[in-house]
Amino acid sequence: MSTYDVEGIKQSLLERVASSKSPREVLKATEFRELYGAISTLPPEERGAFGKQVNEVKIAVEAAIESRENELESADIVAIDVSAPWDINAKQPQLLPTENGTQHPLTKELENVVDIFTRMGFDAIESRQIDDDHHMFGALNFPEDHPARDGYDTFRTEEGFIPPAHTSTMQHRILKEGKAKLEAGGHIAAVSYGRVFRNEDVDATHEHTFYQCEGVFVSKDATLGDMLGTLRSFFETYYGQALRIKTQPAYFPFTEPGLEFAIEKPASIGGKPGEWLEMLGCGMIHPNVLVEAGIDPNKYRGFAWGGGIERLVMLKYGIEDLRHFESAKLAFLRKFAS
Amino acid sequence: MIISVNWLKKFTSINGTVDELATLIGARLVEIETVENIGEKYQGVIIAKVVECGPLENSDHLNVTKIDDGGVVADIERDENGLVQVVCGAPNVRAGLSVAWLPPRSVVPETFGDAEPFVLGAKPLRGVMSNGMLASAKELDLYDDHSGILEIDKDAAPGTLFAEVYELNDYLLDIENKSLTHRPDAFGVIGFAREVAGIQGLPFETPTWLQGLDAAVQNDGTATAPAVVIEDPSLSDRFQAVVLSGVDESAHSPIQLQTYLSRSGVRPISASVDISNYLMLLTGQPSHAYDYDKVKAIAGDDFTIRVRLAREGEKLVLLDGKEVSLDTADVVIAAGETAIGLAGIMGGQSTMVDGETKTVLYEAATFDLYRMRSSQMRHGIFSEAVTRFTKGIPAPLSNPVLVEAVSMLQHYTGAQATSDIVQDYPSTRQQIVVRVSEKKINDTLGTHFSADDIASLLGNVGFEVTFDELEASVTVPYWRQDIHIAEDLIEEVGRLAGFDTIALTVPRRDFVAVKPGDFDQLRSVVRRSLVRAGANEVLTYSFVHGDILKKAGQSPDNAYRITNSLSPDLQYYRQSLTPSLLTNVFQNIKAGYGSFALFEANKVHQKSDGATSESVPIERDSIALVVADAKKKGAAYYEAKRVLDYALGVLGISLDYQPLQDQQDAVYAPFEPKRSALVTDSKTGDVIGVVGEYKKSVQKAFKLPEFSAGFEINPRQLLKSIEAIGIQYRPLSRYPGTERDICFQVKQSVQYGEIVKSAEQFLNETGLIVTVSPLDIYQPEEGDTKNITIRVGLVSYEKTMTNEEVTAVIDGLITTVTERTEGKVI
């Protein structure tokens, strides 16, 4: 056995830390050098246990230093009268110049989009930022292990929750919520908007974090023609001009038929005839999705769509790099005068 | 996926130009990313015949040739027989050969489209004139073979254009195949052609060989085929194999076939490999050849091919020489007991076909797409074959492909089938019949198709449609396993006819006014107020590095952790917005912004908040702001507080500020208790949030300037506050008011709020219209007191107040305040 009173040394070091104005100095104490030096003098079979003890002392002392430093730091801090309008002997603080203030272009555009849809009769709800597999996939007719899930590159939490990869994660909720209204002779009309996530590397045209707006309409007699008309109507309002549209077949497990929807690039953002902009995915809601929400697909039909917000903003201002949006750089933000 | 238009044309006629075709395919089938005109690069390439060939003097490898180009190339030096002299270094050049000649002024196809394409000339080589060159497959941009010149294997008169001979006046469509994940049939040229016919309104005729679902192979029965056993029908719907003897593995496939492979991005190798790839490109059905003798040797007494799950600890060396440790979820092909291939993904080295192979066991099978997908991901192998298996290859397809493969192998390699096809075919899939009414189709699409229209649109692509009145019964072809319900057929009808032909309408419904939700409206107002207060709205990521949490004094244990993030920067859900804002202060100061405020309105998540009734984590809405000034001194706290008072004042909310004490929530963690306040609604007493300066350790960790402070509030709580405000308007008085300034001297420990609170309490009982506002807060350097001066405004509803009346009120106020604060008036 070693002859060192490790516990006693530890107590003495801790006391020194507690009373020191510069506690970090204690780490340089000769006791540490002696303790570490002693390890090699011990019989090999005792070294491990002793070394461990010494390390524990070091860890305890370091923790004590940290808390002592915080204590010292805090002791220097002068408390203020938090109920006062300004500091003693000072004047009323001024707000920053109003002309410096800017709203983020994405939240502004989202408000604009939501505003148009509410005027068209769609309720607006914000999308969740953490959700479960059922809402993200299961309730939307994505069988488990289906390759279509791959396209979404979802993040997962330890608990198996998902940062939603599309605002469709709200669709099942919207349908369930609207069921009673539908069955009372009304219809379901709602948009969900918000932040979504995909596990992608970031570059000028890819982001793992972005914004979407999703829409849902269900009634007794909704048609695909209605969907295309509604979407064109939205974009015509948004761009303030008549627009041509085109579609392309697409596959989404939660729609049948599923389409990609494009508009001819509006003149207001420098478009020429024949230039097309893919705007969103859309389709008639798959009967399985209606059934999952307790809605009888033999009585009711619906359509849904979802598209990104960044694209609208980038086209509007000519923004070249997707990474600017979440950069929090004033050089970027102050370009968007309110 | 790349599709050759000329290849398509072998199976369907195409109306209109390639651009029109591409537009039509885009609108009715799948997005086309690019259309490449490959014919352009072969414009100058001529078929020529080598008439004379002899070695060039003083060269060990060059030959001088005289070629016959049929006299088609103008302005060129010819001999008395009209032949053109070309020097050639290829080892296989010889008289009698038909070759591809690149005459002077033509561009080497391999360099076509380069910044500096290589243009040929007529120039002497070692003193001997050479006109242009004789081309290799590589120079012709066909495939990577530069070992010699291309030997034309078709009868073509000298002078014919090379492109014409090999159908190279072609366009390649680059297909965005992600949107075809549910369409294994479209992963073959024939299936794609069927769709191209359908969207043009043309009936499609399936090639006869592909219709032979039950065809057998002629064979002499001299070989013993193994037994085939699929151990579990969920692994594979069907496994077929046949024995072929006398395969010449060195035989080459015809150049025509090779060019179609290379147009599709597949490298030609040998006839037997090319045939397998060719049929896969045509139909989507992969196939695989094993060395029969090796399989037999491995199988030993138990000559059985088994499709089974891999065993615990089982290993396999693949064709590429890599050894993989198999997972018990992997599907393997076994000879007897021994695994010889990773099913659908890659064969094994132990049964590899090589130059010595004389007899092959040729397989065509299908495997469970989900198992293929997980094995592919697990082993990171992405081949053309497994890409197709993960789409779900239909079981009936293997037989006609196997029979056609045997026929082609016989033709091009001299092999002979020496056994019947052996198979295990446990699939229980029934033929799918879907019923749909004409009305349902039209009601869903908003169209007016007749029963005949519908029957013809679907019939063109292989559906069998019979109408009983207006109710259709549709038999789904085996290659469309994706069609199960009426809606699937509705899509097919709309798509084949063109969604773009549907008239646009808007839903019929009552006029209903909808307004944005209360919370959305409130958040907009706060946003605009903060903007008016000169702040800049930011959006920052919802996920942060664990170090950011620690720097802010928050525990990562209380944050939802992302397990598969690409970067440690995105490992945890944030618990509050403040740390994200603090992360961005320094970069802006460094960029030259001396004074600014950043704010964000977003959601945050803490594990300790628990779950909703849907068992998903509770989300919090939050609004946070940070003010920073690189140069200013003094208490930044008051600047943040001023912004908060202003922004919420716009909503009519008034706030109380109390010292922060032992608040445990992670939101408070970055704030220094001695210089921060708990913010409450002065009406309801509800906690709204926190405002303050940051702990020294936080300032240091985030490199904040000394003058920095901020707040973080719960905007949902504001909704309740607004409800509680009610209507604040009080009628105006007809009488003038008066103001008095009062200076209280109190102990330093007395809070400004106590003075104002007690003054207001007193005044509110007078029935007057009252205002109390701060004028000055002075604390001399010596002593332990401070002076707080307030201005009191009084207005009566009943009369103009006299001096005495005012003094009475003020005296009362002074008594109340001084008693409460143990101060005095000076």
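Here the structure is a predicted model, which means the values were calculated and not measured. (Residues numbered from 1 in each chain as written. Chains lettered and ligands numbered in written order. Predicted model: local features only at pLDDT ≥ 70, side-chain atom pairs only at ≥ 80, totals over all residues. Heavy atoms only, no water.)

A.B. asks: Got a sec to walk through the overall build of chain A? Specific residues and values, please.
C.D. replies: Regarding its fold elements, chain A presents ten helices and seven strands. In summary, chain A has a C-alpha radius of gyration of 31 Å against a globular reference of 20 Å for 338 residues, an excess of more than 25%. The principal-axis extents of the C-alpha atoms in chain A amount to approximately 90 × 60 × 45 Å. The burial tally for chain A puts 57% of its 338 residues in the buried class. Counted over contacts in chain A with a minimum sequence separation of 6, partners at least 24 positions apart contribute 67%. (Helix = DSSP H or I, 4+ residues; strand = E, 2+ residues; numbered from the N terminus. Rg over C-alpha atoms; globule rule 2.2 N^0.38 Å. Buried < 20%, exposed > 50% of the residue type's maximum accessible area, 1.4 Å probe, protein only. Contact = heavy atoms within 4.5 Å.)

A.B. asks: Quick one: what's the story with the packing of aromatic side chains, residue by residue and with numbers?
C.D. replies: All names here are of chain A. Tallied over the entire structure, the rule returns 33 aromatic pairs over all chains. Both rings, one in Phe117 and one in Phe234, keep their centres 4.3 Å apart while their planes meet at 5 degrees; by these two values the pair is stacked. Placement of the pair is Phe117 in helix H4 (residues 105–119) and Phe234 in helix H7 (residues 224–239), with a sequence separation of 117 residues. On the basis of relative accessibility, which here comes to 2%, the residue Phe117 falls in the buried class. Phe234 sits in the buried class, given a relative accessible area of 4%. Seen from their ring centres, Phe137 and Tyr152 are 5.9 Å apart, and the 80 degrees between their planes marks the pair as edge-to-face. On the criterion of sequence distance, the pair formed by Phe137 in the loop between helix H5 (133–136) and helix H6 (171–183) and Tyr152 in the loop between H5 and H6 is long-range, its members being 15 residues apart. (Phe/Tyr/Trp six-rings, centres within 6.5 Å; stacked < 30°, edge-to-face > 60°.)

A.B. asks: Talk me through helix H2 (residues 30–39) of chain A; I want residue IDs and the actual numbers.
C.D. replies: All names here are of chain A. Those residues of H2 lying buried are Glu31, Phe32, Leu35, Ala38 and Ile39. An end-on view of H2 places all buried positions within 130 degrees of arc, on one side of the element. Buried positions along H2 lie against helix H1 (6–19) and helix H3 (44–75). (Arc of directions from axis to C-beta.)

A.B. asks: I'd like to hear about the packing of helix H2 (residues 18–28) of chain B against helix H4 (residues 189–199) of chain B, residue by residue, with values.
C.D. replies: All names here are of chain B. Orientation of H2 relative to H4, taken along the N-to-C sense of each, is 95 degrees, at an axis distance of 10 Å. One finds that H2 runs roughly perpendicular with respect to H4. Listed contacts from H4 to Leu21, Leu24, Ile25 and Arg28 of H2 are Phe192, Val196 and Ile199. (Axes fitted to C-alpha atoms, helices over the stretch in contact; angles between N-to-C directions. Parallel < 35°, antiparallel > 145°, perpendicular 65-115°, else oblique.)

A.B. asks: Explain the interface of chain B and chain A residue by residue, including any values.
C.D. replies: Taken together, the contact pairs 116 residues of chain B with 112 residues of chain A. Counting the surface lost from both chain B and chain A, the interface buries some 9900 Å², and carbon and sulfur atoms represent 54% of this. Linking chain B with chain A are nine salt bridges, by the criterion used here. For Arg527 of chain B, the salt bridge is made with Glu111 of chain A, and the minimal N-O distance between the two is 2.8 Å. Across the chain B-chain A interface, the total number found is 57 residue pairs in polar contact (both at pLDDT 80 or more). Counting residues per element, the side of chain B that touches chain A draws most heavily on strand E29 (residues 595–604) of chain B, which supplies eight residues. When the residues that make up the side of chain B that touches chain A are grouped by side-chain class, the tally is 49 nonpolar, 30 polar and 37 charged. (Buried area = accessible area lost by both parts, 1.4 Å probe. Salt bridge = Lys/Arg side-chain N within 4 Å of Asp/Glu carboxyl O. Polar contact = N/O pair within 3.5 Å; in protein donor to acceptor, adjacent residues only side chain to side chain. Nonpolar A, V, L, I, M, F, W, Y, C, P; charged D, E, K, R; others polar.)

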